[in-house]
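Secondary and tertiary structure notes
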Protein chains: 2
Amino acid sequence: MLLKGNLIAAPEPGRLTCLPGGCLRLTEDGAVDAVLPAVPEGCAEPVEDWGDCLILQGFCDLHLHGPQYPMVGMGMDLPLLDWLSAYAFPMEARFADVAYAREVYRRLAAELIAGGTTRVAMFSSLHTDATLALMEELERAGISGFVGKVNMDRNGGEDLQETAESSQSETVRWLEACGDFRRIRPILTPRFTPSCSDAVMAFLGRLARERQLPVQSHLSENRAEIDWVRRLHPDCGRYWETYEKFGLWKPGTLMAHCVHSDEAERAAMAAHGVWAVHCPDSNGNICSGTAPVRKLLDEGVSVALGSDIAGGAQLYMPQVMAAAIRASKVRSMADGSRPLTAAEAYYLGTSAGQRYFGGQPGFPVGEKLHAVVLDDGAFAVAPPRRLEERLERALYRSGPADIRAVYAAGRRVR
Amino acid sequence: MLLKGNLIAAPEPGRLTCLPGGCLRLTEDGAVDAVLPAVPEGCAEPVEDWGDCLILQGFCDLHLHGPQYPMVGMGMDLPLLDWLSAYAFPMEARFADVAYAREVYRRLAAELIAGGTTRVAMFSSLHTDATLALMEELERAGISGFVGKVNMDRNGGEDLQETAESSQSETVRWLEACGDFRRIRPILTPRFTPSCSDAVMAFLGRLARERQLPVQSHLSENRAEIDWVRRLHPDCGRYWETYEKFGLWKPGTLMAHCVHSDEAERAAMAAHGVWAVHCPDSNGNICSGTAPVRKLLDEGVSVALGSDIAGGAQLYMPQVMAAAIRASKVRSMADGSRPLTAAEAYYLGTSAGQRYFGGQPGFPVGEKLHAVVLDDGAFAVAPPRRLEERLERALYRSGPADIRAVYAAGRRVR
């Protein structure tokens, strides 16, 4: 089959490959067979012709909290600790109810696909069965990626905390139940250092090594948190060392935020292949600060983007890409660093995630197709524009209502 | 007629009046007759029942550039001066073509109404006939407010500049042609101090006085501009004095941005009844800075919101309200000032504009109805939420696709 339209790929940060009226030739199982500048003459294969629509890479959201989905966009006037106690923790506690969880997660999966997000790395809650329901609903919707049952055996609160023992046994029970999933795989998820006792951290580190499991957590999100971590682990000079000492700081570890990561912490990320997940909307909403994205990139740290709902209020990744540009301008005004371009933000929200999951950037030949067909007609006003401009405009102006089709892992899912 | 739904009004900054299942009784000509907590028993009047939808006040956009509409969301990676020369000025120059202007302005008016913006204060270009076309299209769509033919007789460039003489004669020709408009009225619009010779500024000051016309312009948007103004008017200690010395600094004058307005400039605004139009999205996109909105409010300056397309990339006012909250948090992180709440942002995007146009805040009895019916079902996930929370969520999550009906000046226009 051939998929025809205006192809826009991000082969590397800051560079776009644009093919007006280009086409993707797909194998029978939905892998990209060739990227062509036009439909070949005399082509006998069926052509799915998307006319003047943009064909973008599928979006990757590498940090979000599934159980916070019902509270997106609320309580943003509250300081962080009040927000956690009034919204986030009571909300997550409801996911002890699997039926409720399944209903919410089905909607979340549908909204992700409707917005073109085809790959995720997501936090669930501490509840094993709700986590399995989340994995099922994401897989059923066609989404690929990682989901983690959260570990938190301290500092959670009455209704949202495990014991060290149950945290470990439930993690094992969860991992054993994950065998049937194909596209959604487990990721170890200590909530963040203050949420986990040394026993649980050490247990997770062992699991990560023995079962070759990836890890995700939070790092250097705000200053009060950093001080707290320092008090909890006086032996660790820096936040990241609290993960490293338990074997959780390793290639492919995802660390959300890194707002206040200093030069040494950034160097440790680059040296160990740890990824930073930049969540600009969340960082602004809950007044965490503005992450040094340009520095992270310049210093060789791998960076991807996250919506971080519900600290973030925007699930639609082009809005998160635009938020990343805006945040980089806030940073630029403070320290003179070069802001992110639209092409860079698009790379961070697409190709960076592809790389994280072991693929190549752009529309790589030989890999299953992840793509979004976006009709920008609703906000295209004469004169006509170049594809680079239309991509930029789509980041600022489009919404899920403009998406005409979504392909995930080689299959049309919308 | 009665209009029934969940009423949310902003009678004063920071305070909401919420009436779940409330209703608005309207007179035959569309004025609000009463605001009621429920449909009266035995009521014989026809009821337009919007069920569980939110009924919000109509949105007011008090600063935007009509002729920049075709370039919204593009060129945001460029520095201000490159953006002006590559996008803004060539774009505006096209509006010498009235047919083109009318086509663009018809779409702009439709998008404003589709997004619930029922009142505006807008810059046109320097072209008299295109300005009249803009006024016609806005009025036809049901929008009320002010539109200004731009005056610019210096520093514009080859294709976008008047002579001092033509600037004056065209302004007179424009004003004479404005007699037939009912809802859209003229506002004098020196682009900004560097664009207008003393002769044109003095002429506009005289017109403002003699014909009792309002004035809009730009003030203290970025530091390079402020330095430039100082060089152009060495006799003026501060930017605002360049408007004051020509009689343009008076009650009801709208000054867009005020990002770098210091205490003295803010005091002059408060003392003279000059309004600040805060354009948070634009200020971030073109790296102008972050306006001191909390200070402006605390010091008694009247503040309203503007999309400032195409420096701003969002025409939908709830997004601008959310952007104002985000900008206030950037400011808060820098100087400890209290961020805007959702209730305050809603006030600034609705009631503040109503006050600007001589009305009362909220849904005032005796005034023509401006209202937006918003269905938040697409992003309402259980559990149910209070109206205050639903309003906040709508600011962060809604888009024009969620709007079910718009009432402007007492008439349903969508």
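Thresholds, definitions, all that
Residues numbered from 1 in each chain as written. Chains lettered and ligands numbered in written order. Predicted model: local features only at pLDDT ≥ 70, side-chain atom pairs only at ≥ 80, totals over all residues. Heavy atoms only, no water. Buried < 20%, exposed > 50% of the residue type's maximum accessible area, 1.4 Å probe, protein only. Helix = DSSP H or I, 4+ residues; strand = E, 2+ residues; numbered from the N terminus. Pairing = 2+ DSSP bridges. Right-handed = clockwise from strand over helix to strand, strands pointing away. Contact = heavy atoms within 4.5 Å. Least-squares fit on C-alpha atoms with pLDDT ≥ 70 in both. Expected span 1.5 Å × (residues − 1). Buried area = accessible area lost by both parts, 1.4 Å probe. Salt bridge = Lys/Arg side-chain N within 4 Å of Asp/Glu carboxyl O. Nonpolar A, V, L, I, M, F, W, Y, C, P; charged D, E, K, R; others polar.

**Let's talk about the pairing of strand E7 (residues 144-148) of chain B**
All names here are of chain B.
- Within E7, five of the five residues are buried, which leaves it mostly tucked inside the rest of the structure.
- Pairing of strand E6 (residues 117-123) with E7 involves five bridges; the strand directions are parallel. Bridge pairing in E7 places Arg119 opposite Ser144.
- The parallel pair E6 and E7, bridged by helix H3 (residues 128-141), forms a crossover whose chirality is right-handed.
- Sheet topology note: the E7/strand E9 (residues 184-186) ladder contains three bridges and is parallel. Residue pairing across strands places Gly145 opposite Ile184, the latter belonging to E9.

**Here's the deal with the environment of Leu64(B)**
All names here are of chain B.
- Relative to the helices and strands, Leu64 is located in strand E5 (residues 59-65).
- C-alpha of Leu64 to C-alpha of Ala121: the two residues are 57 residues apart in sequence and 7.1 Å apart in space.
- For Leu64, the residues in contact, after removing those within four places along its chain, are Leu112, Val120, Ala121, Met122, Phe123, Ser307, Asp308, Ile309 and Leu315.

**Structural notes on the relation of the copies chain B and chain A**
- Least-squares fitting of chain B to chain A yields an RMSD of 0.0 Å, with the transformation described by 0.0 Å of translation along the axis and a rotation of 180°. Such a combination of turn and shift is consistent with a two-fold rotation axis.
- Take the interface residues of chain B: 100% of them recur as interface residues in chain A, which is what a same-surface contact looks like.

**As for helix H5 (residues 198-210) of chain B**
All names here are of chain B.
- Between its first and last C-alpha, H5 extends 18 Å over 13 residues, near the 18 Å set by a 1.5 Å rise per residue.
- Those residues of H5 not exposed but buried are Val200, Met201, Phe203, Leu204, Gly205, Leu207 and Ala208.
- Contact partners of the buried residues in H5: strand E8 (150-151), helix H4 (164-177), strand E10 (189-190) and helix H7 (239-244).
- Among the residues trailing H5, Gln212 stands out with phi positive, at a value near 55°.

**Concerning the interface of chain B and chain A**
- The interface of chain B with chain A comprises 48 residues on the first partner and 48 residues on the second.
- Each partner contributes to the roughly 3900 Å² buried at the junction of chain B and chain A, and carbon and sulfur atoms together form 50% of this total.
- On the surface where chain B and chain A come into contact, there are four salt bridges.
- Among the ionic pairs, Asp281(B) bridges to Arg326(A), the shortest N-O distance being 3.0 Å.
- Elements with a contribution of two residues or more to the side of chain B that touches chain A: helix H1 (80-93), helix H2 (98-114), helix H9 (280-285), helix H11 (317-335) and helix H14 (387-397) of chain B.
- Taken together, the residues of the side of chain B that touches chain A sort by class into 24 nonpolar, eleven polar and 13 charged.

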